[in-house]
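# Residue-level structural notes
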Amino acid sequence: MTLEFDTRFDPAYGQAVTVAADIQRVTARNASPFTFHGTNSYLVGRDTLAVIDPGPDDDVHLETLLTAIDGRPVCHIFVSHTHRDHSPLAARLKERTGAPVLAEGPHRPARRLRIGEINPLDASADLGFVPDIALADGSLTHGDGWAIRTVLTPGHTANHAAFALEGTGILFSADHVMAWATSIVAPPDGAMADYMKSLDRLIERDDRLLLPGHGGPVTAPRSFMRGLKMHRKMREQAILERILSGDRTIKEMVAAIYRGTDQRLHGAAGLSVLAHLEDLVARGLVASEGDPAIDGIFRPAG
């Protein structure tokens, strides 16, 4: 199955763009190799609103959101996960609107740090974030003419959640599924086994449209996510082949597998390879000297 990414996207900075009935998108000006053109915040509703993923702590983005809100009451602020491009503005938006903040929970790694291990992702985590309301899987939050169901999708982060707009077939997929690129799954914040389970869970749903945290919509969700799954399986096979051919370090594997990728993304690529290797070691397909680590030594199992 061929996976085709869609990089066509107009962020329309400084304004709200209607993307579906009673849904507007406002894109922050925080473009980077990791965020594409910037973080998408969404306004849901007509008279009383929910905000999904307020975004980075940025004065201009806050004012753009408030202009789009246009004095309407905001009753809920949903946060998909606690990376600094998604959650920090929630506190200031709450101050301006009085709306409670809802999320799965505070930031946490997918596993405990190992002895001597340093989390390279601490700088990207909103470690001070605490929601007013913790969302359980399947919980339904009612608003004025709309209802949003929480669909927990750990993998990109341990506390990642997607939000389904009941009765519409629309799912706000945040960083779990995006049309423009694959999601970064980087230990210890993320876990490949969790990501794949969450992907299978979304494939089983019948959503017709995904609105992601970066870039444009996913208009054929089920086939696209099957392509994502195949892509991950092919990456896993490429890692196994590199180990069988003699590679023993993640640096060697990244140099071969990601040779056509922007060098600025090689650090993230190494963490993605580590995520695959953690899963492969746990399944007994690869052996490592000690716990799997970014600077570890890996070899074929058996």
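It should be emphasised that the depicted structure is a prediction, and the values quoted were computed from it without experimental measurement. (Residues numbered from 1 in each chain as written. Predicted model: local features only at pLDDT ≥ 70, side-chain atom pairs only at ≥ 80, totals over all residues. Heavy atoms only, no water.)

## Overview of the overall build of the protein
- Looking only at helices and strands, one finds six helices and 14 strands in the protein.
- The globule rule puts the C-alpha radius of gyration for 302 residues at 19 Å, and the 19 Å found for the protein is close to it.
- With the principal axes as the frame, the protein shows a C-alpha extent of 65 × 40 × 35 Å.
- Going through the 302 residues of the protein one by one, you find that 53% of them count as buried. (Helix = DSSP H or I, 4+ residues; strand = E, 2+ residues; numbered from the N terminus. Rg over C-alpha atoms; globule rule 2.2 N^0.38 Å. Buried < 20%, exposed > 50% of the residue type's maximum accessible area, 1.4 Å probe, protein only.)

## Notes on unusual backbone geometry
- Omega for the peptide link from Pro187 to Pro188 comes to 5 degrees, which places this bond in the cis form.
- Its place among the elements puts Pro188 in the loop between β11 (170-174) and α3 (192-204).
- At Phe36, a residue that is not glycine, the phi angle is positive and equals roughly 60 degrees.
- Its location among the elements puts Phe36 in the loop between β2 (23-27) and β3 (40-44).
- Positioned with a positive phi, Asp53 is a non-glycine residue whose angle comes to about 60 degrees.
- Relative to the helices and strands, Asp53 resides in the loop between β4 (49-52) and α1 (59-69).
- The exposure class assigned to Asp53 is buried, which follows from its relative accessible area of 2%.

## Some words on the side chain of Asn40
- Secondary-structure assignment places Asn40 in strand β3.
- Take Asn40: its relative accessible area is 0%, and that puts it in the buried class.
- Within the structure, the side chain of Asn40 is placed 3.5 Å from the side chain of Tyr42, a separation counted as a polar contact.
- Those residues in contact with Asn40, other than ones at most four positions away along the chain, are Phe9, Arg25, Val26, Thr27, Ile52, Asp53, Pro212, Gly213, His214 and Gly215. (Polar contact = N/O pair within 3.5 Å; in protein donor to acceptor, adjacent residues only side chain to side chain. Contact = heavy atoms within 4.5 Å.)

Interpretation note: all reported values are geometric properties and have no functional meaning in isolation.
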